[in-house]
Amino acid sequence: MQLRFLLFIALLTSITIISCKSGTVNLFKAASPHEQYRRKLETAGLDKTAMGSAWIAASSNSLQKALNINIPYRETGYFDAGKVPAAAYRFSATKGQKITIDLIKKPTTTALYLDLWELNDVNNPKRIASADTLNHPIQYEIDATGNYLIRLQPELLQSVEYTLEITSGPSLAFPTQSKTKSIGSYWGDGRDNNARKHEGVDIFGSFRSPVVASAGGTVTRVNENNLGGKVVWLKPSGKDYTLYYAHLDEQIAVEGQEVKLGDTVGLMGNTGNARTTPTHLHFGIYTFGGAINPLPFIDPVTKTPGNINASVSNLNKTLRTTGKVNLYSLPQNKSTPIANLTAGTIVNINSATGNFYKAELPDGIIGFINSSELTQTSKPLQKFKIKAARQKAFDQPDSLAAVKLNLRTGETVEVLGNFNNYQLISNETAQVGWIVK
């Protein structure tokens, strides 16, 4: 057994060395770093080993069991080399947002794979971006409103601490020199006694102040109409939508002109049906399906995640609940409970976010629990002596699991916590295992 393990380590080491070299064969050119590593495992035959097959299974299973989060989001976590871990998170994003995913790891030399997936089909997620081996931030413009996934997975036999941060901001530049407070009317507001809905945002500012290109592209139309007055239409390069600038006092751009980001396309005014209103720009975005909400495209407010208040010193530690508590689907006390836990329930801490821990139960169920509802296991719940009928301690709270300890009759044990019908105990030599209550 030891020889087989040493051979596994040798093969894995050679894979890691190859992975760190610059340049790969053409077979791997279009693959993500995660896919390249998997192919190397398969080429070396390590996918047939228990640890290799577990790594491959964890990569796919994590996507099916992704936890829900809201962005912005920040967590600090730990992957233990003694396990075969992977973590995935599901979040919603809106067309027009730019998502930034930043990953800091310790040690920096450890490979930690980060992939972003689009979840149009829950059974067939589509990978849309990956971090490079140096884990530079991923920046991705959301092209379709919907659900997305992030997966983190380290190489085999690698321990790594990480901090994951996800933020969202606008994918386009703001179209005037004004900022958020100058937006006085939003998408969907009623117009003409609610006979129609506002198909854009109104940005107020100084008369004849510059109105600028929010992206580089082509001016497709410069004309006048009853509602918008003097207007300019701009098609950003490579995009499936057109920007609409209305109520201009003067149009600077001309039809067919190629403009760069920040070029002046017109001067703010109140032409069209805005003649009786203060000076403002009506800014809209149109697709083949009609108008869409432009605010996510230009909203200058980038929300940042809150501080991590739960102690990161508890990462990868075994804790227990202080009373009857809930394991939640989101790191919020009012989110949907995944499980109701009894006092003294054992959990393992995977990561910390805000005031919560991402905790794993002994049966593999993962959710979020308030850090204030957990305590150390160093102080036992009780002590007692083993009876003849309770001589075996298992390595999991399952009678079919491997026997970890053979306890002597009369031996004193300490109860560290419980799970379902089992108690986690520590014997006189500080070895731990699970026994039936």
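No experiment lies behind these values; they were computed from the predicted model shown.

Quick notes on the nonpolar core
Membership of the largest hydrophobic core comes to 30 residues, with the highest contact counts inside it found for I101 and I166. Secondary-structure elements contributing two or more residues to this core are β2 (73-79), β3 (87-93), β4 (97-106), β5 (112-118), β7 (138-141), β8 (146-154) and β9 (160-170). Apart from the residues lying within four places of it in its own chain, the contact partners of I166 are I69, I71, P72, Y73, I99, T100, I101, I150 and P305. Core analysis: the second largest hydrophobic core is formed by 26 residues, F174, V201, A213 and Y241 among them.

Brief notes about the pattern of salt bridges
As enumerated under the stated definition, the model contains twelve salt bridges in all. The residue E35 makes a salt bridge to R127 at a minimum N-O spacing of 3.1 Å. A residue pair is termed long-range when its members are at least 10 positions apart, and E35 in helix α2 (residues 33-43) and R127 in strand β6 (residues 126-130) qualify at 92 residues. Look at the salt bridges and you will find they share partners, linking R208, D249 and E250 into a network.

Some details on the pairing of β7
In β7, alternate side chains face the same way, and those of I138 and Y140 are buried while those of Q139 and E141 on the opposite face are not. The pairing of β4 with β7 spans four bridges and is antiparallel. Considered in β7, the bridge of I99 is made with Y140.

Overview of the layout of surface pockets
When its volume is computed, the largest pocket comes out at roughly 1,200 Å³. Every residue lining the largest pocket is counted, 43 residues in all, and those nearest its centre are K83, E360, L361, G364 and I366. Elements supplying a minimum of two residues to the lining of the largest pocket: α3 (50-64), β2, β3, β25 (346-353), β26 (356-360) and β34 (432-436). Top element by residues in the lining of the largest pocket is β25. It accounts for five residues.

Quick notes on the rules
Residues numbered from 1 in each chain as written. Predicted model: local features only at pLDDT ≥ 70, side-chain atom pairs only at ≥ 80, totals over all residues. Heavy atoms only, no water. Core = buried A, V, L, I, M, F, W, Y, C linked by side-chain atoms within 4.5 Å. Buried < 20%, exposed > 50% of the residue type's maximum accessible area, 1.4 Å probe, protein only. Helix = DSSP H or I, 4+ residues; strand = E, 2+ residues; numbered from the N terminus. Contact = heavy atoms within 4.5 Å. Salt bridge = Lys/Arg side-chain N within 4 Å of Asp/Glu carboxyl O. Pairing = 2+ DSSP bridges. 1 Å grid on protein atoms, 1.4 Å probe; cavity = no way out; pocket = protein on both sides within 12 Å on 5 of 7 lines; lining within 4 Å. Points joined across faces, edges and corners; volume = space filled by probe spheres on them.

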